[in-house]
Amino acid sequence: METLTPRGRTVRLGATALGLALLLVGTLWGVDDHFPFGPFRMYSTSEPPNAPAPDTRVEGVDRTGTVVALGQDATGIRRAEIEGQQDRYAADPALLRQVADAYAERHPGAPELVEVRIVIRWYGIHQGRPTGRWTDETTVRWQASP
């Protein structure tokens, strides 16, 4: 086994100190996007035992009035991508047109979508258990021009 030179030891200690400093700074002031040097709060927090649980979905309405589920199979867009960009959609609902276009590409014979909306179903929770009740909240809506 070879012995580490003093310079090699200094470089390794410096790299370790830098890594630990980044980890500390990221933990105290970082956000999820700074992972692995920032906190990954998704798994480190929990909701109160009586807080409602959200379930986000995207749905469309075609020109016949039929409500269409716009999940990954229907559009090729993962729900996580929609949830991650929800603030952008809220700021500019016209971006939901891309979801309608993705649906049209995958379903060329289907009636055209005239509305796309992001809906959150809030499931009731009491003492950490589902109550069987829910409410739907439409958070973003795009409607095609007539």
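Preceding block: the structure.
A quick note: this is a predicted structure, and the numbers were derived from the prediction, not measured. (Residues numbered from 1 in each chain as written. Predicted model: local features only at pLDDT ≥ 70, side-chain atom pairs only at ≥ 80, totals over all residues. Heavy atoms only, no water.)

Summing up its helical and strand segments, the protein has 5 helices and 4 strands in all. Seen in sequence order, the protein has helices and strands lined up from the N terminus as α-β-β-α-α-α-α-β-β. In terms of overall size, the protein is more extended than a compact globule, its C-alpha atoms giving a radius of gyration of 23 Å where 146 residues would be expected to give roughly 15 Å. Overall, the protein is about 75 × 40 × 30 Å in size when its C-alpha atoms are taken along their principal axes. Residues classed as buried in the protein amount to 25% of the 146 residues present. (Helix = DSSP H or I, 4+ residues; strand = E, 2+ residues; numbered from the N terminus. Rg over C-alpha atoms; globule rule 2.2 N^0.38 Å. Buried < 20%, exposed > 50% of the residue type's maximum accessible area, 1.4 Å probe, protein only.)

Attention now goes to helix α5 (residues 97-106). Those residues of α5 lying buried are V99, A100, A102 and Y103. Looking down the long axis of α5, one finds its buried residues gathered within 160 degrees of arc, a one-sided arrangement. (Arc of directions from axis to C-beta.)

Here we take up the nonpolar core. In terms of nonpolar packing, the biggest core is built from 18 residues, with L70, Y89, L96, V99 and V116 touching the most fellow members. Elements supplying a minimum of two residues to this core: α5, β3 (113-126) and β4 (129-143). Here this core takes 4 residues from α5, the largest share from any one element. Not counting residues within four places of it along the chain, the set of residues in contact with Y89 comprises I82, L95, L96, V99, I118 and V140. (Core = buried A, V, L, I, M, F, W, Y, C linked by side-chain atoms within 4.5 Å. Contact = heavy atoms within 4.5 Å.)

Below, the discussion takes up the sheet that holds β4. Spatially, the 4 strands line up as an open sheet ordered β2-β1-β3-β4, and their pairing is antiparallel. Across the chains shown, the open sheet's two edge strands, defined by having one partner strand only, are β2 (67-69) and β4. Each strand of the sheet is rotated relative to its neighbour by a mean of 35 degrees, with strand direction disregarded. In the sheet, β3 pairs with β4 via 11 bridges, with the strands oriented antiparallel. Across the sheet, V119 pairs through a bridge with T138, a residue of β4. (Pairing = 2+ DSSP bridges. Axes fitted to C-alpha atoms, helices over the stretch in contact; angles between N-to-C directions.)

Time to look at the pairing of β3. Direction of pairing for strand β1 (residues 53-62) relative to β3: antiparallel, over a ladder of 10 bridges. For V61, the partnering residue across the bridge sits in β3 and is E115. A loop of 2 residues connects β3 with β4, the two strands running antiparallel in sequence, and Q127 in this loop sits at a positive phi of about 55 degrees.

Below, the discussion takes up unusual backbone geometry. Unlike most non-glycine residues, Q127 shows phi in positive territory, near 55 degrees. Structurally, the position occupied by Q127 is in the loop between β3 and β4.

Moving on to the pattern of salt bridges. Pairs may arise between side chains of opposite charge once their charged atoms sit close together. As enumerated under the stated definition, the model contains 10 salt bridges in all. Of the charged contacts, one joins R57 and D136 as a salt bridge, the two residues approaching to 3.2 Å between their closest N and O atoms. Here R57 is found in strand β1, whereas its partner D136 is found in strand β4, with 79 residues between them in sequence. Notably, a salt bridge pairs E115 with R117, separated by 3.2 Å at the nearest N-O pair. With respect to burial, E115 and R117 carry one shared label: buried. (Salt bridge = Lys/Arg side-chain N within 4 Å of Asp/Glu carboxyl O.)

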